[in-house]
Structure formats: C-alpha cells, structure tokens
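Chain by chain, the residues:
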Amino acid sequence: MNEEISKILKMVEEGKITADKAQELIEAIGDKKTEGSSAIQLIHDDDIMNKMLKIKVNSHEGDIVNVNLPIKFIKTMLKTVGKIPMDTYVKGMENVDLNLIADAIDNGISGKIIDVNSADGDIVEVTIE
C-alpha cells in the first residue's frame, strides 16, 4: 500500500481527521500522480491555527532569510492591520504575492504554497506546517 495512504488511514484511526477528509486527501494524491510530479503540494488542514508560516529566501546576492511566524499571529495582523507583516525589502520577496499566502491561510491550506526559482537566482519557499 502507498505510504501516503497508510499515513492518512492512520490519522483516521487515531481520530485526527474524518473519513470524508481522508477520502479527499486520497483523491488528491491520485490526482497528483496522474498530473505528474509537482513542486507545490496543497493539503487542506482544519487545524491551521496551530501551524507556522515558514519563509526561506536565498537571494542571488547571498542574502539568506528564514522567517517563522505563527499562523495565529498572521491571522491577528490580517484582522487588525489588513496585511501580512512583511515588506518587500527582503531580496527575492518582491515576486511573492502576499495575497496568495493570506488566501492559503484563510482556506486552511498547509504544505508548500510558494516555490520560486527566479532567473536571477533567487530562491523563495513558503510553507505552512
């Protein structure tokens, strides 16, 4: 049996997810395999508020940035300020749509949501885990 499916079934057994959620995840795995390998994998997560937003930037100029922010903090900032507390002063982040990150959080999506390798050599990865 596929290792990913085994993990999903184990989560159902432990009561971490419902059978309906398991079916949705298993179908997503099947769709992913039929579409070919993708660098971006989206998994819906009902417990998104206990996750961290992780941003890793390696710029072509040698800047290395690692940012870890709790999703609870981000949601609070979105409600009070109306935006994610992150400026584009970080090299490589100018190509990242912060609205995409906000939408992923609002929809309970976890996993790698942004994976950018620019022509300049900037590498940006945004994950929710």
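Use the structure listed above.
Read on for a plain summary of the structure. (Residues numbered from 1 in each chain as written. Predicted model: local features only at pLDDT ≥ 70, side-chain atom pairs only at ≥ 80, totals over all residues. Heavy atoms only, no water.)

**A short note on the nonpolar core**
Then, in step 1: Counting 17 residues, the largest nonpolar core has Leu 53, Ile 101, Ile 113, Val 126 and Ile 128 as the members making the most contacts within it.
Then, in step 2: Residue assignment for this core shows that the elements contributing at least two residues are strand E2 (52-58), helix H3 (71-80), helix H4 (98-106), strand E4 (109-117) and strand E5 (123-128).
Then, in step 3: Ignoring sequence-local partners within four residues, the contact set of Ile 128 consists of Ile 48, Lys 51, Met 52, Leu 53, Ile 71, Ala 104, Ile 105, Ile 109, Ser 110, Gly 111 and Ile 113. (Core = buried A, V, L, I, M, F, W, Y, C linked by side-chain atoms within 4.5 Å. Buried < 20%, exposed > 50% of the residue type's maximum accessible area, 1.4 Å probe, protein only. Helix = DSSP H or I, 4+ residues; strand = E, 2+ residues; numbered from the N terminus. Contact = heavy atoms within 4.5 Å.)

**Considering H4**
Then, in step 1: Regarding H4, the residues found buried are Ile 101, Ala 102, Ala 104 and Ile 105. Looking straight down H4, one finds that the buried residues subtend no more than 160 degrees of arc, so they occupy a single side.
Then, in step 2: Here the buried face of H4 lies against E2, H3, E4 and E5.
Then, in step 3: Just downstream of H4 lies Gly 108, where phi reads positive at about 70 degrees. (Arc of directions from axis to C-beta.)

**Regarding the pattern of salt bridges**
Then, in step 1: If you walk through the whole model with that rule in mind, you get 4 salt bridges.
Then, in step 2: Of the charged contacts in the structure, one is a salt bridge between Lys 75 and Asp 106, with a shortest N-O distance of 2.8 Å. Here the residue Lys 75 occupies a position in helix H3, and Asp 106 occupies one in helix H4, the gap between them amounting to 31 residues.
Then, in step 3: The exposure class of Asp 106 is partly exposed, given its relative accessible area of 48%.
Then, in step 4: In this structure, Asp 115 and Lys 112 form a salt bridge, with 3.9 Å as the shortest nitrogen-oxygen distance.
Then, in step 5: The exposure class of Asp 115 is partly exposed, given its relative accessible area of 24%. (Salt bridge = Lys/Arg side-chain N within 4 Å of Asp/Glu carboxyl O.)

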